[in-house]
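Structural characterization, general
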Amino acid sequence: MTKGQGFGFGLGKIKELQEAFQKAQQVQAGAQELQKQLEEMEIEGACGGELVKVIMSGNQEPLCVEITPDAMEKGAESLSQLVTEAMKDAYAKSAETMRTKMEKLTSGLNLPGM
């Protein structure tokens, strides 16, 4: 090692590390706020012309199922299918909402796997 080179960790690298830590702290704070927002959201999924509705939070917690009298008249097997379809619809909308909000939160950070 030549004199004056140190360990190759100059001031520029330290500044980059400080900026990276600041961004990480911002993302962590944003993620906590986002989690709170997702928990408070109500995302509706429906099927069969809204014969059945399922409401989930933004983080996929089932909150409510609404079944119309017309759906009840279709019988147990059809009702089961309607509920399943409404659950899938609510889940897909919830997952898309979460993905979109996470992308917004992490945009410009160049995080691997995001």
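Scroll up to find the structure.
What comes next is a walk through the structure. Since we're looking at a predicted model, the values are computed, not measured. (Residues numbered from 1 in each chain as written. Predicted model: local features only at pLDDT ≥ 70, side-chain atom pairs only at ≥ 80, totals over all residues. Heavy atoms only, no water.)

As for the overall build of the protein chain
Assigned secondary structure in the protein chain consists of three helices and three strands. Mapped from its N terminus to its C terminus, the protein chain presents α and β elements in the order α-β-β-β-α-α. Here the protein chain, with 114 residues, has 18% of them falling under the buried criterion. When contacts within the protein chain are restricted to residue pairs at least 6 apart in sequence, long-range pairs at least 24 apart make up 48% of them. Accessible surface, the protein chain as shown: approximately 8,400 Å² in total, 54% of it carbon and sulfur. (Helix = DSSP H or I, 4+ residues; strand = E, 2+ residues; numbered from the N terminus. Buried < 20%, exposed > 50% of the residue type's maximum accessible area, 1.4 Å probe, protein only. Contact = heavy atoms within 4.5 Å. Areas by Shrake-Rupley, 256 points an atom, 1.4 Å probe, with all protein chains shown as cover.)

Digging into the nonpolar core
Counting ten residues, the largest nonpolar core consists of Cys47, Leu51, Val52, Val54, Met56, Ala71, Leu79, Leu82, Ala86 and Ala90. It is helix H3 (residues 76-106) that contributes the most residues to this core, four residues altogether. (Core = buried A, V, L, I, M, F, W, Y, C linked by side-chain atoms within 4.5 Å.)

Examining the pattern of salt bridges
Taken as a whole and judged by the stated rule, the model has four salt bridges. Here Lys53 and Glu50 are joined by a salt bridge, their closest N and O atoms 3.5 Å apart. A salt bridge links Glu96 to Arg99, with the nearest nitrogen and oxygen atoms 2.5 Å apart. With a gap of three residues between them, Glu96 and Arg99 both fall in helix H3, about one helical turn apart. (Salt bridge = Lys/Arg side-chain N within 4 Å of Asp/Glu carboxyl O.)

Quick notes on the pairing of strand E1 (residues 43-47)
Along E1, the buried face is formed by Ile43, Gly45 and Cys47; none of Glu44 and Ala46, which line the opposite face, is buried. The pairing of E1 with strand E2 (residues 52-56) spans five bridges and is antiparallel. Note that in E2 the partner of Ile43 across the bridge is Met56. Two successive antiparallel strands, E1 and E2, enclose a turn made up of four residues, where Gly48 displays a positive phi of approximately 60°. (Pairing = 2+ DSSP bridges.)

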